[in-house]
Structure formats: C-alpha cells, structure tokens
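Observations on the three-dimensional arrangement
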Amino acid sequence: MIMHEMSHVSDFNRMSPMICKKFEGKQSATLAFTYATEQIQSELRAFNKQRDALNRAENTSCLSDECRIEVDEWLNFISNQAIPNVLNGTYGR
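Read on for an overview of the structure. (Residues numbered from 1 in each chain as written. Predicted model: local features only at pLDDT ≥ 70, side-chain atom pairs only at ≥ 80, totals over all residues. Heavy atoms only, no water.)

**Some details on the overall build of the chain**
What the chain contains, in helices and strands, is three helices and zero strands. The N-to-C order of helical and strand elements in the chain reads α-α-α. Across its three principal directions, the C-alpha atoms of the chain cover 45 × 35 × 20 Å. Residue pairs in contact within the chain that sit at least 24 positions apart in sequence constitute 57% of those at least 6 positions apart. Positive and negative side-chain charges in the chain, numbering 10 and 12 respectively, have mean positions lying 12 Å apart. (Helix = DSSP H or I, 4+ residues; strand = E, 2+ residues; numbered from the N terminus. Contact = heavy atoms within 4.5 Å. Lys, Arg positive; Asp, Glu negative; His and termini not counted. Charge placed at Lys NZ, Arg CZ, Asp CG, Glu CD.)

**Here's the deal with the pattern of salt bridges**
Inspection of the entire model under this criterion finds two salt bridges. With a closest N to O distance of 3.0 Å, Arg-14 and Asp-11 form a salt bridge. Highlighted residues: Arg-14 and Asp-11, both in helix α1 (residues 2-15), separated by three residues, approximately one helical turn. In this structure Asp-11 comes out as buried when scored by relative accessible area, which is 3%. (Salt bridge = Lys/Arg side-chain N within 4 Å of Asp/Glu carboxyl O. Buried < 20%, exposed > 50% of the residue type's maximum accessible area, 1.4 Å probe, protein only.)

**Observations concerning the packing of aromatic side chains**
Applying the stated rule across the entire model yields three aromatic pairs. Ring centres 5.3 Å apart and planes at 90 degrees place the aromatic pair Phe-47 and Tyr-91 in the edge-to-face group. Of the two residues, Phe-47 sits in helix α2 (residues 36-58) while Tyr-91 sits in the segment after α3 (65-88), which places them 44 residues apart along the sequence. Judged by its relative accessible area of 2%, Phe-47 is buried. A ring pair is formed by Trp-74 and Phe-77, whose centres lie 5.8 Å apart and whose planes are at 90 degrees; its orientation type is edge-to-face. Of this pair, Trp-74 and Phe-77 both sit in helix α3, separated by three residues, roughly a single helical turn. (Phe/Tyr/Trp six-rings, centres within 6.5 Å; stacked < 30°, edge-to-face > 60°.)

**Focus: the nonpolar core**
Counting nine residues, the largest nonpolar core consists of Phe-47, Leu-54, Leu-63, Val-71, Leu-75, Ile-78, Ala-82, Ile-83 and Val-86. Mapped by element, the contributors of at least two residues to this core are α2 and α3. If you tally residues by element for this core, the top one is α3, at six residues. With residues near it in sequence (within four places) discarded, Val-71 still touches Leu-54, Glu-58 and Leu-63. (Core = buried A, V, L, I, M, F, W, Y, C linked by side-chain atoms within 4.5 Å.)

**Here we look at α1**
An ideal rise of 1.5 Å per residue puts 20 Å on 14 residues; α1 measures up with 20 Å between its terminal C-alpha atoms. Listing the buried residues of α1 in full gives His-4, Ser-7, His-8, Asp-11 and Phe-12. Relative to the axis of α1, the buried residues are bounded by an arc of 135 degrees and lie together on one face. Those residues of α1 that are exposed and aimed more than 90 degrees away from the buried face are Ile-2 and Arg-14. If you follow the buried residues of α1, they end up packed against α2. (Expected span 1.5 Å × (residues − 1). Arc of directions from axis to C-beta.)

Okay, structure coming up:
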C-alpha cells in the first residue's frame, strides 16, 4: 500500500515539484488532481507498481502460507476489481 501511495506522491512531485513543500510539517494533507485523466493515469501507475511488487513477493520462497494467501487476494483485487474500475470510471465510488 505504501508503494501505491508513494506512486501518487511521485506523480504530484513530477507535475508540481514544489507542491509537497507547502505541506511540510503538517499532520496531514489532501491533494487532488486537476483533471480526471490525471487521476486515472496515476491510479493505473500506482496499481501497476503495487501489482509488480506483489508479484515479486509472491515469487520468493520466504512468504508464509498466510502471507501468500493475502498476496494472492491483493493481486486478485487489483487485477479483477481495482484496475477495471479505474478504467470504467467507478473506482472510489
């Protein structure tokens, strides 16, 4: 999940390099994209990074059975729900 959210941070920093400076030292901040296409592209990038990391983790032998089940559940969610919902405009609704 951290990888997913940090992907959004990278997108914001790329689009507006000084944006995070405004919120430095604050407890929390909510940022939003200006255009729906920016959010869609950012969500797809973030889910793909998260899926890539989960696939790498799944291919290691150090996962417990419980962890492997959770990785599989997340991979299923990302591939079969999250990404399709981003593409059809229903993600987060």
